[in-house]
Amino acid sequence: MKKDNITVENSPNCPALEQLSGFFDSAIELPAEVTEHINNCPACMNRLSQFRMLKITLKQHLTANTPENLVADIKAGVHKKLKKTVSTPHPFPGIFLKFAAAFAIVSFAIFYSADFFRPAAVQHPVPKDYHVRTTPAVSRENDRSTPYYNGEYPGIMPGIITENSIPLHNIVGANYGGSREPVFQVENLSDSKNAPASIASSVDQVWISAKPEQAADTLNSILKRLNVTSAAMTEANGEFSGTVKLTKMQLVKLIRSCKQAGLDLLSPQAPQPEQNKFRGRPDTQVKYNFNIIAPGK
Amino acid sequence: MDVDNRGDNEIITSFKTGNHQDFDILIERYSTKLYQIAFGMLSNQQDAEEVVQDAFVRAFRALDKFRGDAKFSTWIHRIVSNLARNRYHWNRRRGAKLNVSLYQPKRSHDDTDDEHEMLIPDNSMGPGVMLEGAELEQEVMSEFNRLPEKLKQAMLLRHVSEFSYEKIAQTLECKVGTVKSRIARGREIMRNKFNAAKNYEKR
């Protein structure tokens, strides 16, 4: 009989290997004639005797290699492992946690001290999400359709587009009075309705709108939304002038909101970083004077 | 030692009510058998002790959820068998010599020990016969350690814990017929190799 390369040399009457093995373990009941054969067969008895020898040798070897204090050792080991699990819930040693905490505190202190000693002028005056053009302006020679103010050459319109450029149809000549030159000089504006408006030198910005009353309401509602309460606005001849005390951050938001609401700046000075009005810390209080006028004034 | 006459189920019930010290009784009751099974698989005392300790730690943590579908003895034997098998494969991957302690028995050959006398039941045997008996044990165990892992597991559960075929099947999560076959094959492989070695020596 062959099974898995195991050759069993026995007579045809001998029981199969599994039967003999099961018989040895008293795990199976064999017919009486098979049992009788086993008891009288030298080959089967020899095999059973070898099974017995293997069993005894195995048990003997395992017993011999069982430490004397095995039970106590295992009990102690189990208790130790259970105690260790309960008492040290963190996978990291305590010294590691102490170092990590010290490192975090020092990093925190360095970060905030560096911020405290940083010069105010270096800080960006406007929030990062505000649209400020940082790329060079596009030069468009002979193009007068988009007048522009860059703060360095007041009154000159070189025809370069910036984010603060305003369409030509909203432009009227403006004169800031005093010794300052007009912010904009629009050529060929000989028509009387485009006569330069007279703007006081204290005025920071002039908003232009076809309906100044609506524009004033809009501006007021924006101020309310920004929680600015110190606003004073007066009307004279359909034009509005006002003074507001607010932070530079609020001012930036006010101007951005006014632009989004459809108001245009006559003098698109702001917000540009190079202008003093908007330079500095966002929480600095500033006084903002503005006018709202209609086109053609 | 275990002097508690309570059954495993009673001890487990007591454990579930908060008497965690009763777990020690289970440790005392099963440590030796479990160790011998683990040692038979791994042939390394430290590994075997470690496996048994880990098995008891796992059992302790899970005992509250033990439903008693199987007997505790079957369950703990299954945990040890699985852990020993994992350690066996891990050792093999590491290239560890599995029989590192097999030829380092606790006692030397000239140690007169009752169990060695059992090997050759001859009261008149001299030192030479004793040496032969020890060599025989080493040869048998050497062959046993070369057996496939599944055959060894089945044979150990049968000979050490004296489990029935049905209980071995439950422990190893296989069929009774498979257990029967594994034990028979393991015995026959060892018997044939042993006979071949004896025949070679006679020549």
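Please refer to the structure placed before this passage.
The rules we used
Residues numbered from 1 in each chain as written. Chains lettered and ligands numbered in written order. Predicted model: local features only at pLDDT ≥ 70, side-chain atom pairs only at ≥ 80, totals over all residues. Heavy atoms only, no water. Core = buried A, V, L, I, M, F, W, Y, C linked by side-chain atoms within 4.5 Å. Buried < 20%, exposed > 50% of the residue type's maximum accessible area, 1.4 Å probe, protein only. Helix = DSSP H or I, 4+ residues; strand = E, 2+ residues; numbered from the N terminus. Contact = heavy atoms within 4.5 Å. Buried area = accessible area lost by both parts, 1.4 Å probe. Salt bridge = Lys/Arg side-chain N within 4 Å of Asp/Glu carboxyl O. Polar contact = N/O pair within 3.5 Å; in protein donor to acceptor, adjacent residues only side chain to side chain. Nonpolar A, V, L, I, M, F, W, Y, C, P; charged D, E, K, R; others polar. Axes fitted to C-alpha atoms, helices over the stretch in contact; angles between N-to-C directions. Left-handed = near helix turned anticlockwise from the far one by under 90°. Phe/Tyr/Trp six-rings, centres within 6.5 Å; stacked < 30°, edge-to-face > 60°. Lys NZ or Arg CZ within 6 Å of the ring centre and 35° of its normal.

Peer 1: So what exactly am I meant to see when it comes to the nonpolar core here?
Peer 2: Nonpolar side chains in soluble globular proteins tend to end up buried together. Residue and element names in this part refer to chain B. Of all hydrophobic cores here, the largest spans 61 residues; its most connected members are Phe23, Phe56, Leu63, Phe72 and Ile76. At twelve residues, helix α2 (residues 23-42) tops the list of elements feeding residues into this core. For leucine 63, the contacting residues outside a window of four places in its chain are Ile12, Phe15, Lys16, Phe23, Leu26, Phe72 and Trp75.

Peer 1: What exactly am I supposed to notice about the interface of chain A and chain B here?
Peer 2: Many authors give the size of an interface as the accessible area that is lost as the parts come together. Listed by partner, the interface residues are 44 residues for chain A and 51 residues for chain B. Taking both sides of the interface into account, the surface hidden between chain A and chain B amounts to around 4,600 Å²; carbon and sulfur atoms contribute 62%. Connecting chain A to chain B are seven salt bridges. With a closest N to O distance of 2.4 Å, B:Glu28 and A:Lys75 form a salt bridge. In this assembly, chain A and chain B are joined by 14 residue pairs in polar contact (both at pLDDT 80 or more). Secondary-structure elements contributing two or more residues to the side of chain A that touches chain B are β2 (6-7), α1 (17-24), α3 (42-64) and α4 (70-87) of chain A. Of the residues forming the side of chain A that touches chain B, the biggest block, 15 residues, is contributed by α3(A). Taken together, the residues that form the side of chain A that touches chain B break down as 19 nonpolar, 13 polar and twelve charged.

Peer 1: Sorry, what's going on with the pattern of salt bridges here?
Peer 2: Think of it this way: side chains of opposite charge can pair up when their charged atoms draw near. Within the structure shown, the criterion is met by 14 salt bridges over all chains. Between A:Lys59 and B:Glu162 there is a salt bridge whose closest N-O contact spans 3.1 Å. Placement of the pair is A:Lys59 in helix α3 and B:Glu162 in the loop between α7 (149-159) and α8 (165-172), with the two residues belonging to separate chains. The exposure class of A:Lys59 is partly exposed, given its relative accessible area of 28%. What makes B:Glu162 partly exposed here is its relative accessible area of 48%. With a shortest N-O distance of 2.5 Å, B:Asp54 and A:Lys81 are connected by a salt bridge. Placement of the pair is B:Asp54 in helix α3 (residues 45-62) and A:Lys81 in helix α4, with the two residues belonging to separate chains. Within this structure, A:Asp25, B:Arg158 and B:Arg187 form a network of salt bridges that share partners.

Peer 1: Can you help me understand the packing of helix α4 (residues 72-94) of chain B against α7(B) in this one?
Peer 2: Packed helices, taken two at a time, are described by their axes: the angle between them and the distance between them. All names here are of chain B. The N-to-C vectors of α4 and α7 enclose an angle of 145 degrees; their axes lie 12 Å apart at closest approach. In terms of crossing hand, the pair formed by α4 and α7 is right-handed. Contacts between α4 and α7 pair His77, Ser81, Arg85, Tyr88 and His89 from the former with Glu149, Lys152, Gln153 and Leu157 from the latter. Of the residues that constitute the contact of α4 with α7, the class distribution is two nonpolar, four polar and three charged.

Peer 1: It is not clear to me how the environment of A:Gly238 should be interpreted in this structure. Could you clarify?
Peer 2: All names here are of chain A. Among the structural elements, glycine 238 can be located in the loop between β8 (231-236) and β9 (239-247). The exposure class of glycine 238 is partly exposed, given its relative accessible area of 35%. The spacing of glycine 238 and lysine 211 is 27 residues in sequence and 9.0 Å in space, taken between C-alpha atoms.

Peer 1: Any chance you could explain the environment of A:Val71 here in plain terms?
Peer 2: Along the chain, A:Val71 falls in helix α4. Residue classification places A:Val71 among the buried positions, given a relative accessible area of 15%. Contacts of A:Val71, omitting those with residues within four sequence positions, involve B:Glu28, B:Ser31 and B:Thr32.

Peer 1: Just checking my understanding: could you explain the packing of aromatic side chains for this structure?
Peer 2: Pairs of aromatic rings are described using the distance from one ring centre to the other and the angle between the two planes. This model, assessed by the stated rule, comprises eleven aromatic pairs over all chains. Ring geometry for B:Phe15 and B:Phe23: centres 5.8 Å apart, planes at 50 degrees, overall tilted. Since its relative accessible area comes to 2%, B:Phe15 is described here as buried. Taken together, the ring pairs connect B:Phe15, B:Phe23, B:Phe56 and B:Phe60 into an aromatic cluster. Above the ring of B:Phe163, the side-chain terminus of B:Lys167 is found at 4.4 Å from the ring centroid. B:Arg187 extends its terminal NZ or CZ atom over the ring of A:Phe51, reaching a point 5.4 Å from the ring centre.

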